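Fold and contact review
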Amino acid sequence: MKRLEKTNAARLLDAAGIAYELVPYEVDENDLAAAHIAQQLGEPLEQVFKTLVLKGDRSSYFVCVLPGGEELDLKKAAKVSGNKSCDLIPMKELLPVTGYIRGGCSPVGMKKAFPTYFEESAQLYDYIYVSAGVRGLQFKIAPDALTGYVGAVYADLV
């Protein structure tokens, strides 16, 4: 079996003493959706979370992490982040702002620590999946350990 290369995000969790499992999956460049990842992992879609980066009208950037099958409610995201309005950042800004590419954006180890909000349903599970910082690799991790590490708040986002 091929040894998994540790990502920067994984090294940060190691340094913090946070337990996780690295879980590889087959990348389909034409289908970076969470549904594809959930199918590859054989896990329910509601436990495979996607990381979205937004910019508010009052605040700078912030991060929302929600189940892969759900759509972010921008009004709720704006309210929870102290903005009147917000929007997803343009794709071309993702790498310069976070250090990550689409399909490999992890809530752990972005270039800066941005305010982060997790959909409250994450608390229902013993573990969730989030990107480990590259396409083809997910963290299987306890939601409270992850939110505690990134300083995230649980909120109603969908």
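Look a little higher up for the structure.
Heads up: these notes are all about the structure in this document. (Residues numbered from 1 in each chain as written. Predicted model: local features only at pLDDT ≥ 70, side-chain atom pairs only at ≥ 80, totals over all residues. Heavy atoms only, no water.)

Looking at the overall build of the chain
Just so we agree on the cut-off: Going along the chain from the N terminus, every DSSP run of H or I of four or more residues is numbered as a helix, and every run of E of two or more is numbered as a strand. Our radius of gyration is a C-alpha quantity, and the globule rule it is checked against amounts to 2.2 Å times the number of residues to the power 0.38. In this description, contact between two residues means that some pair of their heavy atoms is separated by no more than 4.5 Å.
Helices and strands together make up the secondary structure of the chain, namely five helices and eight strands. Of the regular secondary structure in the chain, the N- to C-terminal order runs α-β-α-β-β-α-β-α-β-β-β-α-β. Its C-alpha atoms give the chain a radius of gyration of 15 Å, near enough to 15 Å, the size a compact globule of 158 residues would have. Taking the principal axes of its C-alpha atoms as reference, the chain extends roughly 50 × 35 × 35 Å. Partitioning the contacts of the chain with sequence separation of at least 6, the portion at a separation of at least 24 is 60%.

Digging into the state of the cysteines
A covalent bond between the sulfur atoms of two cysteines is referred to as a disulfide. What counts, and what does not: Note that a disulfide, as used here, is simply two cysteine sulfur atoms within 2.5 Å. Relative accessibility decides the category of a residue: with a 1.4 Å probe and only protein chains considered, values under 20% of the type maximum give buried, values over 50% give exposed, and everything between is partly exposed.
In this structure the tally under the stated criterion is zero disulfides. C64 takes part in no disulfide bond, and the closest cysteine sulfur to it belongs to C86, at a distance of 6.8 Å. Here C86 falls in the buried class, since its relative accessible area comes to 10%.

Let's talk about the pairing of strand β2 (residues 49–56)
Spelled out, the test is: Strand pairing is defined by DSSP finding a minimum of two bridges between the two strands.
In terms of burial, β2 is a largely internal element, six of the eight residues being buried. The pairing of β2 with strand β3 (residues 61–67) spans seven bridges and is classified as antiparallel. Of the residues in β3, the one forming a bridge with L54 is F62. Counting the residues that bridge the hairpin from β2 to β3 gives four residues.

A closer look at the pairing of strand β6 (residues 128–131)
Relative to strand β7 (residues 137–141), β6 runs antiparallel, the two sharing four bridges. Within β7, the position partnered with V130 by the bridge is F139. Here β6 folds back onto β7 in antiparallel fashion, the turn holding five residues, of which G133 has a positive phi close to 105 degrees.

A look at the pattern of salt bridges
Convention followed: Only one rule defines a salt bridge in this text: a Lys or Arg side-chain nitrogen within 4 Å of an Asp or Glu carboxyl oxygen.
Across all of its chains, the model carries three salt bridges by this definition. Across the salt bridge formed by K6 and D14, the nearest N and O atoms sit 2.7 Å from each other. The partner of D156 in a salt bridge is K76, with the nearest N and O atoms 3.1 Å apart. With D156 in the segment after β8 (153–155) and K76 in helix α3 (residues 74–80), this residue pair connects regions lying 80 residues apart in the sequence. For D156, a relative accessible area of 35% corresponds to the partly exposed category. For K76, a relative accessible area of 28% gives the class partly exposed.

Considering the side chain of T116
Going by this rule: In the analysis that follows, any N or O atom pair within 3.5 Å is treated as a polar contact, provided that within protein one partner can donate a hydrogen and the other can accept it, and provided that, for residues neighboring in sequence, both atoms belong to side chains.
When you line up the elements, T116 lands in strand β5 (residues 116–119). A polar contact of 2.9 Å, which involves the side chain of T116, links it to the backbone oxygen of F114. Contacts of T116, omitting those with residues within four sequence positions, involve V63, V65, V150, G151, A152 and V153.

A closer look at helix α2 (residues 34–41)
Of the residues making up α2, those classed as buried are A34, H36, I37, A38 and L41. At its buried positions, α2 is contacted by β1 (21–24), β6 and β7. Directly beyond the C-terminal end of α2, a positive phi value near 70 degrees is found at G42.

A look at the sheet that holds β5
Backbone hydrogen bonds hold the strands of a sheet together, and the pairing may be parallel or antiparallel. Heads up, the condition is: Only C-alpha atoms enter the line fits that serve as axes; for helices the fit covers just the stretch in contact. Angles between N-to-C directions range over 0 to 180 degrees.
The mixed open sheet is built from five strands, whose spatial order is β4-β2-β3-β5-β8. Bordering the open sheet on either side are β4 (86–88) and β8, each of which pairs with just one other strand. The sheet shows a mean angle of 35 degrees between the axes of neighbouring strands, taken without regard to direction. Alignment of β2 against β4, held across three bridges, turns out to be antiparallel.

Note that every value here comes from positions in space, so none of it alone points to a role or purpose.
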